[in-house]
Amino acid sequence: MDKRDKDQRRAFVIGDPISHSRSPLIHRHWLEAASLDGSYDPVAVTASDLPAFVSALKDGSSGFCGGNVTLPHKEAILELADEADVTAREIGAANTVWLENGRLMATNTDSHGFSANLDETAPGWDKGKSAIVLGAGGACRAIVHALLARGFSSVAIANRTEARARVLADRFGPRVSPHGIESLQELVSGADLFVNTTSLGMGGTEAPLLDFTVMAEGALVTDIVYVPLETPLLAMAKRQGVATADGLGMLLHQAVPGFEKWFGLRPQVTPELRQLLIADMETHT
Ligand code: ATR
């Protein structure tokens with residue numbers, strides 16, 4: 001190993017599968033923009049290989065200083081880390097790990113990514129009181145966490161399988177209520193914020209027809225799905241003259257804290273980076 005290799009900070013993104021991840025594009029752009037001698041690489045790790053990967057990370061033999069953790073490891077990594085912060089514990093999943101004095105630390109930056117994206121693209125989005133979240137999958141938990149942290153007093157989760165929404169409501173307490181998807185239009189009436197966390201309307205599935213014009217004045221409709229950038233639900237809201245925000249910025253902003261932990265610099269989410277991702281989405285959908 002020459003000196004350059006020894007000093008180079010190396011980060012990873014692990015998952016199974018991992019080839020579709022757009023995180024390398026983001027972190028490599030920031031490494032290059034800051035002229036840093038670091039690396040960020042995708043590594044395919046199966047569930048059964050995860051404990052060995054984490055052991056090698058902790059004892060230093062892998063040479064990595066940390067990285068991102070994606071499906072299906074976001075929950076398992078919580079158990080393997082030495083310390084998970086309060087955000088990761090509340091969400092019940094982590095997506096970012098780093099070594100600190102030989103200990104493996106874990107956090108979840110999805111909640112920050114969601115809020116930071118709306119802070120940038122829809123300032124004032126958190127002035128409302130009531131929010132509706134469509135879907136109750138893994139991604140939903142970080143959104144509910146973000147909404148509660150920003151002071152929403154009522155968060156309604158509507159899901160096809162109501163039992164999954166109920167599990168989340170139990171987890172997050174009295175400000176969160178579970179509903180079946182058939183109550184969606186009723187819930188939309190008077191709400192300040194609508195967040196889609198499902199892939200409904202894409203790949204041949206039908207998006208529910210909703211009248212967003214009955215939302216509160218100044219309401220916002222947003223989506224955490226960003227392929228395509230304008231999802232069927234965002235297109236519907238736009239046609240109805242309701243303000244919208246797409247989900248690409250969440251992907252970009254959730255990457256910021258990890259990069260800072262591994263490489264020591266807080267990177268910027270710039271229009272240039274956003275364009276880079278859009279160009280990539282156009283060539284590899
Ligand atoms: P993730 O954990 O990545 O968010 P997921 O667990 O597959 O992904 O969750 C996807 C979400 O989209 C779920 O809320 C799912 O509803 P169910 O819990 O009932 O499965 C929702 N979803 C996916 N396809 C759907 C469809 N055709 N109609 C209604 N909801 C759908």
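Refer to the structure presented above.
So, how was this worked out
- Residues numbered from 1 in each chain as written.
- Predicted model: local features only at pLDDT ≥ 70, side-chain atom pairs only at ≥ 80, totals over all residues.
- Heavy atoms only, no water.
- Phe/Tyr/Trp six-rings, centres within 6.5 Å; stacked < 30°, edge-to-face > 60°.
- Helix = DSSP H or I, 4+ residues; strand = E, 2+ residues; numbered from the N terminus.
- Buried < 20%, exposed > 50% of the residue type's maximum accessible area, 1.4 Å probe, protein only.
- Lys NZ or Arg CZ within 6 Å of the ring centre and 35° of its normal.
- Near = heavy atom within 4 Å.
- Polar contact = N/O pair within 3.5 Å; in protein donor to acceptor, adjacent residues only side chain to side chain.
- Areas by Shrake-Rupley, 256 points an atom, 1.4 Å probe, with all protein chains shown as cover.
- Nonpolar A, V, L, I, M, F, W, Y, C, P; charged D, E, K, R; others polar.
- Pairing = 2+ DSSP bridges.

Turning next to the packing of aromatic side chains. In this structure the tally under the stated criterion is 10 aromatic pairs. When the ring of Phe-12 is compared with that of Phe-53, the centres are 5.0 Å apart and the planes differ by 85 degrees; the resulting orientation is edge-to-face. With Phe-12 in strand β1 (residues 9-15) and Phe-53 in helix α3 (residues 50-58), this pair connects stretches of sequence that are 41 residues apart. Considered together, Phe-12 and Phe-53 belong to a single accessibility category, that of buried residues. Seen from their ring centres, Trp-262 and Phe-263 are 6.2 Å apart, and the 85 degrees between their planes marks the pair as edge-to-face. The pair formed by Trp-262 and Phe-263 is uniform in burial state, with each residue classed as buried. Clustering of aromatic rings is evident, with ring pairs tying together Trp-30, Tyr-40, Phe-259, Trp-262 and Phe-263. The residue whose ring lies beneath Arg-10 is Phe-64, and the NZ or CZ to ring-centre distance is 4.4 Å.

Right, let's talk about the site of the ligand for a bit. Every residue near the ligand is listed here: Gly-135, Ala-136, Gly-137, Gly-138, Ala-139, Asn-159, Arg-160, Thr-161, Arg-164, Thr-198 and Leu-200. Ala-136 is positioned with one of its backbone polar atoms (N or O) 2.8 Å from an oxygen atom of the ligand. Contacts to the ligand include Gly-138, whose backbone N or O atom sits 2.5 Å from an oxygen atom. A total of 630 Å² of accessible area belongs to the ligand in isolation, and the protein chains cover 68% of it. Partitioning the shell around the ligand into residue classes produces three nonpolar, six polar and two charged.

Below, the discussion takes up the pairing of strand β5 (residues 96-100). Taken together, the three bridges between strand β3 (residues 66-69) and β5 define a ladder with antiparallel strand orientation. Residue pairing across strands places Gly-67 opposite Val-97, the latter belonging to β5. Here β5 hands over to strand β6 (residues 103-107) after two residues, with Asn-101 in that stretch at a positive phi of 50 degrees.

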